[in-house]
Amino acid sequence: MTTTSLNGVDQEALSATMIAVKDTPGLAQVSFTLGSAWLSGCHQRSQTGAMRQNGEIVAGRASRYVLESDEPAALLGTDKAANPGEYVLQALAGCYAVTYATNAAVRGIELSSLRLELEVDFDLRGFLNLDDSVRPGAQQIRVRVHAKSPTATDEQLQELTDAVQKRSPIRDTLANPVDIVTTLVR
């Protein structure tokens, strides 16, 4: 049996997934988990946990990944790992890559290359409690996309980029309010 792949995306698996989710909407409900422990100063270590789909733990996902974060020395850290702001950019870049590859495959567009340049700006006065009028979160995120295709016009690549902005779960998470529930457990 031959597998048809476009942009590294198995088109038969993509089609089967789309049909399965359409036929069983509960499969669209996916949850990821992560456990984290503070090490010292600005340094923390996390490990990915179970993944749930349709309320059930996905048994086939046995891999666990360790992630660490710290801050540069200029921001009171020891620079042992990427900082949380860089992880935000990585999350967006990773999601954009997935969304570009799959949406291009659905449209029959072959990508020969995709490169993203991302920047995020923070104003530390909010974080440091120096100015209540400044929010502690990101002020702006900028993404420059370098996408090339031997089969698509510039107009088709722009339409794909517009679709990616509408369909990227991480972009949507960053661009819109999300209910975050924080509970102190003793």
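Owing to the predicted nature of the structure, the values given are computational and were not obtained by experimental measurement.

Caption draft 1: Quick look at helix H1 (residues 11-23). Across its 13 residues, H1 extends 18 Å between first and last C-alpha, which sits within 8% of the 18 Å expected from 1.5 Å per residue. For H1, the N-terminal capping position is held by aspartate 10, with its side-chain oxygen 3.0 Å away from the main-chain nitrogen of glutamate 12.

Caption draft 2: Expanded view of the side chain of threonine 161. Counting through the fold element by element, threonine 161 comes out in helix H4 (residues 154-167). Separated by 2.8 Å, the side chains of threonine 161 and tyrosine 100 make a polar contact.

Caption draft 3: Quick peek at the pattern of salt bridges. Under the definition given, this model contains 8 salt bridges. Put simply, arginine 142 and aspartate 121 hold a salt bridge, and the shortest N to O gap is 2.6 Å. Of this pair, arginine 142 sits in strand E8 (residues 140-148) while aspartate 121 sits in strand E7 (residues 113-121); the two residues are 21 residues apart in sequence, bridging distant segments of the chain. Note that arginine 125 and aspartate 123 form a salt bridge whose closest N and O atoms lie 2.5 Å from each other. Classification of arginine 125 by relative accessible area gives partly exposed; the value is 40%.

Caption draft 4: The arrangement of a nonpolar patch on the surface in detail. Taken together, the side chains of Leu75, Phe122, Leu124, Phe127, Leu128 and Leu130 define a hydrophobic patch exposed on the protein surface, amounting to about 610 Å² of accessible area. As for its position among the elements, leucine 124 is in helix H3 (residues 124-127). Since its relative accessible area comes to 37%, leucine 124 is described here as partly exposed.

Caption draft 5: Highlighting the domain arrangement of the chain. When its domains are assigned, the chain resolves into domain 1 (1-82) and domain 2 (83-176). Between domain 1 and domain 2, the contact holds 15 residues from the first and 14 residues from the second. Roughly 1,000 Å² is buried in total at the junction of domain 1 and domain 2, and carbon and sulfur atoms are behind 69% of that figure. The largest per-residue losses of area from domain 1 upon contact with domain 2 belong to Leu6, Asn7 and Ala82, which jointly make up 43% of the total buried on that side. Taken together, the connections running from domain 1 to domain 2 amount to 0 salt bridges. Remark: the boundary between domain 1 and domain 2 carries 5 residue pairs in polar contact (both at pLDDT 80 or more). Tallied by class, the residues present in the side of domain 1 that touches domain 2 amount to 9 nonpolar, 3 polar and 3 charged.

The rules behind the values
Residues numbered from 1 in each chain as written. Predicted model: local features only at pLDDT ≥ 70, side-chain atom pairs only at ≥ 80, totals over all residues. Heavy atoms only, no water. Helix = DSSP H or I, 4+ residues; strand = E, 2+ residues; numbered from the N terminus. Expected span 1.5 Å × (residues − 1). Polar contact = N/O pair within 3.5 Å; in protein donor to acceptor, adjacent residues only side chain to side chain. Salt bridge = Lys/Arg side-chain N within 4 Å of Asp/Glu carboxyl O. Buried < 20%, exposed > 50% of the residue type's maximum accessible area, 1.4 Å probe, protein only. Patch = residues over 30% accessible without salt bridge, like charges linked within 9 Å, V, L, I, M, F, W, Y side chains within 5 Å. Areas by Shrake-Rupley, 256 points an atom, 1.4 Å probe, with all protein chains shown as cover. Domains from an automatic or database assignment. Contact = heavy atoms within 4.5 Å. Buried area = accessible area lost by both parts, 1.4 Å probe. Nonpolar A, V, L, I, M, F, W, Y, C, P; charged D, E, K, R; others polar.

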